[in-house]
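Structural characterization, general
Residues per chain are reported as follows:
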Amino acid sequence: MARSTGKDAQALFHSLRSAYAATPTTLKIIDLYVGFAVFTALIQVVYMAIVGSFPFNSFLSGVLSCVGTAVLAVCLRIQVNKDNKEFKHQMIFIPQIAGPTTRASFCRLCSLQFGAAFGDHEFPWINLDPAST
């Protein structure tokens, strides 16, 4: 029984590999970019698990930025795919410009807004205790 499972897995892997070989180069580049964004998010999670989450706002900002980038790249891949007939190809670039701009602004705002709440080590010029001056 184990041999048939191994043969089935090999057949599945071979069929996926041959189907992906027919994928256009632009979609492969987008796939590589999505993989890099997910890999970067995983590296940040592993780093936080090993070292600790002292500047938690920075960790949260970095991971959410990577995940948002991956999601927007997947949306771009769906829209650029010629086999997908549901999207108008003229409307591709408006969400691809507005999305990252909004995401980056939100991540920067979170990093600045919540920085003092997690400790004054990140922003030493912010004094939360007026009695200490």
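Residues numbered from 1 in each chain as written. Predicted model: local features only at pLDDT ≥ 70, side-chain atom pairs only at ≥ 80, totals over all residues. Heavy atoms only, no water.

Notes on the overall build of the chain
Scanning the chain for helices and strands turns up four helices and zero strands. Each helix and strand of the chain, placed in order from N terminus to C terminus, yields the pattern α-α-α-α. The buried share of the chain, taken over its 133 residues, is 22%. Of all intrachain contacts in the chain linking residues separated by at least 6 positions in sequence, the fraction that spans at least 24 positions is 56%. (Helix = DSSP H or I, 4+ residues; strand = E, 2+ residues; numbered from the N terminus. Buried < 20%, exposed > 50% of the residue type's maximum accessible area, 1.4 Å probe, protein only. Contact = heavy atoms within 4.5 Å.)

Description of the environment of Thr 40
Tracing the chain through its elements places Thr 40 in helix α2 (residues 25–51). Looking at Thr 40, the relative accessible area reads 22%, which means it is partly exposed. Spatially, the C-alpha atoms of Thr 40 and Val 63 are 8.0 Å apart, while their sequence positions differ by 23 residues.

What to know about the packing of α2 against helix α3 (residues 56–80)
Contact geometry of α2 with α3 gives a least axis separation of 9 Å together with a crossing angle of 165°. Relative to α3, α2 is oriented roughly antiparallel. Read as a crossing pair, α2 and α3 show a hand that is left-handed. Across the contact of α2 with α3, the residue classes tally to 18 nonpolar, five polar and two charged. (Axes fitted to C-alpha atoms, helices over the stretch in contact; angles between N-to-C directions. Parallel < 35°, antiparallel > 145°, perpendicular 65-115°, else oblique. Left-handed = near helix turned anticlockwise from the far one by under 90°. Nonpolar A, V, L, I, M, F, W, Y, C, P; charged D, E, K, R; others polar.)

Some words on the environment of Ala 41
Counting through the fold element by element, Ala 41 comes out in helix α2. The exposure class of Ala 41 is buried, given its relative accessible area of 9%. A C-alpha to C-alpha distance of 7.4 Å links Ala 41 and Gly 62, two positions 21 residues apart in sequence.

Points about a nonpolar patch on the surface
On the surface, a cluster of nonpolar side chains totalling about 450 Å² of accessible area is made up of Val 46, Tyr 47, Ile 50 and Val 51. Mapping Tyr 47 onto the fold places it in helix α2. The exposed category is assigned to Tyr 47, whose relative accessible area is 53%. (Patch = residues over 30% accessible without salt bridge, like charges linked within 9 Å, V, L, I, M, F, W, Y side chains within 5 Å. Areas by Shrake-Rupley, 256 points an atom, 1.4 Å probe, with all protein chains shown as cover. Salt bridge = Lys/Arg side-chain N within 4 Å of Asp/Glu carboxyl O.)

Some remarks on the packing of aromatic side chains
This structure, assessed with the given rule, holds one aromatic pair. On the numbers, 5.8 Å between centres and 45° between planes, the contact of Phe 56 with Phe 59 is tilted. Here Phe 56 pairs with Phe 59, and both are found in helix α3, just three residues apart, close to one helical turn. Residue classification places Phe 59 among the buried residues on the basis of a relative accessible area of 17%. (Phe/Tyr/Trp six-rings, centres within 6.5 Å; stacked < 30°, edge-to-face > 60°.)

So, α3
Over its 25 residues, α3 extends 36 Å from the first C-alpha to the last, a length consistent with the 36 Å expected when each residue adds 1.5 Å. By the burial criterion, the buried members of α3 are Asn 57, Phe 59, Ser 61, Gly 62, Val 63, Cys 66, Gly 68, Thr 69, Ala 70, Leu 72, Ala 73 and Gln 79. (Expected span 1.5 Å × (residues − 1).)

Description of the nonpolar core
One recurring pattern in soluble globular proteins: nonpolar side chains tend to sit buried together. Counting residues in hydrophobic clusters, the biggest one holds five residues: Ile 30, Val 34, Ala 37, Ala 70 and Ala 73. Counting residues per element, the ones that place at least two in this core are α2 and α3. If one sorts the elements of this core by residue count, α2 sits on top with three residues. Not counting chain neighbours up to four residues away, the residues in contact with Ala 73 comprise Ile 30, Tyr 33 and Val 34. (Core = buried A, V, L, I, M, F, W, Y, C linked by side-chain atoms within 4.5 Å.)

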